[in-house]
Amino acid sequence: MQAVWPLGDGWRRGVTILERTDSNCMDHLWTPWRYAYVTAAETGTRAGVPHALAAWAGDLGCVFCNLIASIDFAIAGGMSAENAEAAGGLVLRAVHCFICLNAFPYTSGHVMIVPYTHLDHLAALPAATGHEMIELAQLTERALDRVYMPHGFNFGMNVGQSAGAGVAGHIHLHAMPRWTGDTSFITTVAETRILPEDLEATWRRLRAAFAALKTS
Ligand SMILES: [Zn+2]
C-alpha cells in the first residue's frame, strides 16, 4: 500500500506500509495528525490558529505569528497559560524564541525553535536571538534525550521555499530525535520501529522535561 505521509514544512515522503501475513508481527503505523491535516486543508482554517483558540479573529498570514497571537489573546482573555499553550503546542517560551511542536511530525518529539520576530533570513537574526536559538537547541537535545532516549538527533533549518521551507517567511529550527534504522525501516527491518504518539502526549512529556531541565 502506497501512502503519502504529510511531514509538514514541505517535507513529503511516500511511505510503503508493509502488512505481514503473520499477524503477530504486523505493524501499525499510526499517523493521527493526518486527520487534522486534512481537516485543516479542507476548511481553510487560518494557518497556525488552533481550533481551541479560534476566538482570536486575526490573521497575520504566518503560522508562527498566528500561533503566538492566538495563544496570547486567549491568555489575555482569561484562559490559563497552561491550557492556551497546550492548545497551541507551545512547549517553552524564552526571551527571544519559543519552542513548539510540529503539528505534522516526522517523528514523535519533533519540535521547532522559532524566534518571535517574523524574519525570513538567518542573517537577519539579531545576535541575541541567534545565540538563544542555539542555547534552546542545546536544551532541546537534553530534553529529547531524557524523554525519548534516541540514538541521535536532527537539527535543521530550511531557508526559503525552494530549500523546502513550508513556512518560508518565518525562519525556524527543526529538532527531532532519531533512531538507527528509522529512515529505512520499511525495507531494512521486519518491524516498524516508530509508533508516533499523539501531539497531546508529546506536549505533556516535553513540557515536563523542559521544566525539569530549567530548574535543575
Ligand atoms: Zn511569522
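Residues numbered from 1 in each chain as written. Predicted model: local features only at pLDDT ≥ 70, side-chain atom pairs only at ≥ 80, totals over all residues.

Caption draft 1: Broad picture of the overall build of the chain. Helices and strands together make up the secondary structure of the chain, namely six helices and seven strands. When the helices and strands of the chain are read in sequence order from the N terminus, they spell out β-β-α-α-α-β-β-β-α-β-β-α-α. Each of the 216 residues in the chain was classed as buried or not, and the buried ones make up 29%. Within the chain, counting contacts between residues at least 6 apart in sequence, those at least 24 apart form 58% of the total. (Helix = DSSP H or I, 4+ residues; strand = E, 2+ residues; numbered from the N terminus. Buried ≥ 20, exposed ≤ 12 C-beta atoms within 10 Å, placed from the backbone. Contact = placed C-beta atoms within 7 Å.)

Caption draft 2: Layout of the pairing of strand β4 (residues 97-101). Counting buried positions along β4 gives five out of five residues, so the element sits mostly inside the fold. Along β4, one buried face is formed by C97, I99 and L101 and the opposite face, lined by F98 and C100, is buried too. Bridge count between strand β3 (residues 90-93) and β4: three bridges; the pairing is antiparallel. In the sheet register, L92 faces β4, and the bridge partner there is I99. Bridging between β4 and strand β5 (residues 111-115) involves five bridges; their strand directions are antiparallel. From the neighbouring strand, C100 faces β5, where its bridge partner is M112. (Pairing = 2+ DSSP bridges.)

Caption draft 3: Inspection of the packing of helix α4 (residues 127-148) against helix α6 (residues 199-215) at higher detail. Contact geometry for α4 and α6: axes closest at 9 Å, N-to-C directions at 120 degrees. Here α4 lies oblique to α6, going by the angle between them. Classified by chirality, the crossing of α6 by α4 is right-handed. In this structure, α4 contributes L139, R142, A143, R146 and V147 to the contact, and α6 contributes R205, L206, A209, F210 and L213. (Axes fitted to C-alpha atoms, helices over the stretch in contact; angles between N-to-C directions. Parallel < 35°, antiparallel > 145°, perpendicular 65-115°, else oblique. Left-handed = near helix turned anticlockwise from the far one by under 90°.)

Caption draft 4: The confidence of the model for the chain, seen in detail. Across the chain, pLDDT averages 78, with 72% of residues at or above 70. Overall, residues 1-43 carries pLDDT values under 50, and its contacts beyond four positions in sequence, including any with other chains, amount to 56 contacts. (pLDDT = per-residue confidence, 0-100.)

Caption draft 5: Region of interest: α6. Look at α6: 24 Å from first C-alpha to last across 17 residues, which is about the 24 Å you get at 1.5 Å a residue. Every buried residue belonging to α6 is among L199, T202, W203, L206, R207, A209 and F210, and all of these are buried. (Expected span 1.5 Å × (residues − 1).)

Caption draft 6: Just the nonpolar core, in detail. Among the nonpolar cores identified, the biggest contains 39 residues, and V91, I99, C100, V111 and I113 are the most heavily contacted of them. Where this core is concerned, the elements lending two or more residues are α2 (63-76), α3 (81-88), β3, β4, β5, α4, β7 (173-178) and α6. No other element matches the six residues that α2 contributes to this core. Leave out the neighbours within four places in its chain, and V91 touches I99, C100, L101, V111, W203, L206, R207 and F210. (Core = buried A, V, L, I, M, F, W, Y, C linked by C-beta atoms within 7 Å.)

Caption draft 7: Summary view of the sheet that holds β3. Pairing is antiparallel across the open sheet formed by five strands, whose spatial order is β3-β4-β5-β7-β6. For this open sheet the edge positions go to β3 and β6 (152-156), each flanked by a neighbour on one side alone. This sheet shows a mean twist of 20 degrees between the axes of neighbouring strands, independent of strand direction.

Caption draft 8: Main features of α2. Between its terminal C-alpha atoms α2 stretches 20 Å, which fits the 20 Å expected from 14 residues at 1.5 Å a residue. In the core, the buried residues of α2 are packed alongside α3, β3, β4 and β5.

Caption draft 9: Structural detail: the environment of S108. Its location among the elements puts S108 in the loop between β4 and β5. Sequence separation between S108 and E197 is 89 residues, and the spatial gap between their C-alpha atoms is 6.0 Å.

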